[in-house]
Amino acid sequence: KQEVTQIPAALSVPEGENLVLNCSFTDSAIYNLQWFRQDPGKGLTSLLLIQSSQREQTSGRLNASLDKSSGRSTLYIAASQPGDSATYLCAVRDSTGNQFYFGTGTSLTVIP
Amino acid sequence: DAGITQSPRHKVTETGTPVTLRCHQTENHRYMYWYRQDPGHGLRLIHYSYGVKDTDKGEVSDGYSVSRSKTEDFLLTLESATSSQTSVYFCAISDFTGNEQFFGPGTRLTVL
């Protein structure tokens, strides 16, 4: 069974800092990987989707990379802002395309 | 935002009672998913649907059933609710297997 781990569980940084969030998975046979943010008491908002054949995706200040062979993905946030404070989740879609496995998330606080 | 609504948004019920949660989408997406989110476990897939009347089990399907009689509606039923089913339930949709998932706002269910 696929296991997805996100470290650290919580992170606090000053505004303006660049930061990296980590996601690791145990089975490299994946279909794709998706990053989400979740605000307290809310649903999940999709940030970036990386297909298994891709190495990275970018959207604004966000860049996600994927190293399938090592079972790792990183989410890079440039010039962090207080509005970036949220929990960030990664999710792996397995090779069948039908099962999803989520990490427990990294809770990010950006201090003004 | 993807047009996904969930009802009810909050529900308190007693052990042994049946409960049905509804997910409604206006995007005409083929795939629909039900997840539960619990502290320490992240999101876990309960059931999914790949078309009208086509459903399959996820990682934690025991105690749950689903139905999809129309493209836009996906129902999750707890035949006899237990306290272990207290959780936040999220619905998600996707148009194709390899594409992004979009999430609804969630339903907080408490089973006393």
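Since the model is a prediction, treat every value here as computed from it, not as a measurement.

The rules behind the values
- The written sequence of each chain sets the order in which its residues are numbered from 1.
- Starting at A for chains and at 1 for ligands, labels are handed out in the order in which the entities are written.
- Thresholds applied to this predicted model are a pLDDT of at least 70 for local features of residues and 80 or more for the giving and counting of side-chain atom pairs; totals over whole chains, interfaces and linings are not thresholded and use all residues.
- The basis for the side-chain values is all heavy atoms of the structure; hydrogens and waters are excluded.
- Two aromatic rings, drawn from Phe, Tyr or Trp (for Trp, its six-membered ring), form a pair once their centres lie within 6.5 Å of each other, and the interplanar angle then sorts them: stacked below 30 degrees, edge-to-face above 60, tilted otherwise.
- Comment: elements are numbered from the N terminus, with helices defined as DSSP H or I runs of at least four residues and strands as E runs of at least two.
- When accessible area is computed with a 1.4 Å probe and restricted to protein chains, residues below 20% of their type maximum are described as buried, those above 50% as exposed, and intermediate ones as partly exposed.
- Residue contacts are counted whenever heavy atoms from the two residues lie within 4.5 Å of one another.
- Buried area is calculated as the accessible area (1.4 Å probe) missing from two parts once they are joined, with the contributions of both summed.
- Salt bridges are defined by distance alone: a side-chain nitrogen of Lys or Arg within 4 Å of a carboxyl oxygen of Asp or Glu.
- We define a polar contact as two N or O atoms separated by no more than 3.5 Å, with the added condition that, inside protein, one atom must be a possible hydrogen donor and the other a possible acceptor, whereas residues neighbouring each other in sequence contribute only through side-chain atom pairs.
- Each residue is assigned to one of three groups, with Ala, Val, Leu, Ile, Met, Phe, Trp, Tyr, Cys and Pro labelled nonpolar, Asp, Glu, Lys and Arg labelled charged, and all others, Gly among them, labelled polar.
- Cysteine sulfur atoms that come within 2.5 Å of each other are treated as a disulfide pair.

Asker: Whenever I open this one, the packing of aromatic side chains confuses me. Can you help?
Answerer: Within the structure shown, the criterion is met by 12 aromatic pairs over all chains. An angle of 85° between the planes, with centres 5.2 Å apart, marks the rings of A:Phe100 and B:Tyr33 as edge-to-face. You can see A:Phe100 sitting in strand 10 (residues 100–102) and its partner B:Tyr33 sitting in strand 4 (residues 31–38), one on each of two chains. Judged by its relative accessible area of 2%, A:Phe100 is buried. B:Tyr33 sits in the buried class, given a relative accessible area of 1%. Centre to centre, the rings of B:Tyr33 and B:Tyr35 are 6.4 Å apart; their planes meet at 35°, and the pair counts as tilted. For the pair formed by B:Tyr33 and B:Tyr35, the shared burial category is buried. Among the aromatic residues, those joined into a cluster by ring pairs are A:Phe36, A:Phe100, A:Phe102, B:Tyr33, B:Tyr35, B:Tyr48, B:Tyr50, B:Phe90 and B:Phe103.

Asker: What am I meant to see in the interface of chain B and chain A here?
Answerer: Where interface size is given, it is often the accessible area lost as the parts come together that is meant. Across the contact, 24 residues belong to chain B and 22 residues belong to chain A. Summed over both sides, the interface between chain B and chain A buries roughly 1700 Å², with carbon and sulfur atoms accounting for 51% of that surface. Counting across the interface, chain B meets chain A through one salt bridge. Counting across the interface, chain B meets chain A through six residue pairs in polar contact (both at pLDDT 80 or more). Here the element with the most residues in the side of chain B that touches chain A is strand 5 (residues 42–51) of chain B; it accounts for four residues. In terms of residue class, the side of chain B that touches chain A is made up of 10 nonpolar, 11 polar and three charged.

Asker: Teacher, can you tell me more about the state of the cysteines here?
Answerer: What makes a disulfide is a covalent bond joining the sulfur atoms belonging to two cysteines. Applying the stated criterion across every chain, the model contains two disulfides over all chains. The partner cysteine of A:Cys23 in its disulfide is A:Cys90, sulfur to sulfur 2.0 Å. Between A:Cys23 and A:Cys90 the sulfur-sulfur dihedral comes to about 75°; the bridge is accordingly right-handed. Within this pair, whereas A:Cys23 is found in strand 3 (residues 19–25), its partner A:Cys90 is found in strand 9 (residues 86–94), the two being separated by 67 residues in sequence. Judged by its relative accessible area of 2%, A:Cys23 falls in the buried class. Looking at A:Cys90, the relative accessible area reads 0%, which means it is buried. Covalently, B:Cys23 is tied to B:Cys91 through a disulfide, its sulfur atoms 1.9 Å apart. Disulfide B:Cys23-B:Cys91: torsion about the S-S bond near -70°, hence left-handed. One end of the pair, B:Cys23, is in strand 3 (residues 19–25); the other, B:Cys91, is in strand 9 (residues 87–94), and 68 residues separate them in sequence. For B:Cys23, a relative accessible area of 0% corresponds to the buried category. Of the residues examined, B:Cys91 reaches a relative accessible area of 0% and is grouped as buried.

Asker: Explanation requested: the pattern of salt bridges in the structure shown.
Answerer: Note on pairing: side chains with opposite charge can pair once their charged atoms come close. According to the stated counting rule, one finds eight salt bridges over all chains in the structure shown. The partner of B:Glu59 in a salt bridge is A:Lys1, with the nearest N and O atoms 2.8 Å apart. One end of the pair, B:Glu59, is in the loop between strand 6 (54–57) and strand 7 (65–70); the other, A:Lys1, is in the segment before strand 1 (4–7), on a second chain. Overall, the relative accessible area of 66% leaves A:Lys1 in the exposed class. B:Asp73 serves as the salt-bridge partner of B:Arg22, at 3.1 Å between the closest nitrogen and oxygen. Here the residue B:Arg22 occupies a position in strand 3, and B:Asp73 occupies one in strand 8 (residues 73–78), the gap between them amounting to 51 residues. Several salt bridges converge on common partners, so that one network encompasses A:Lys1, A:Glu3 and B:Glu59.

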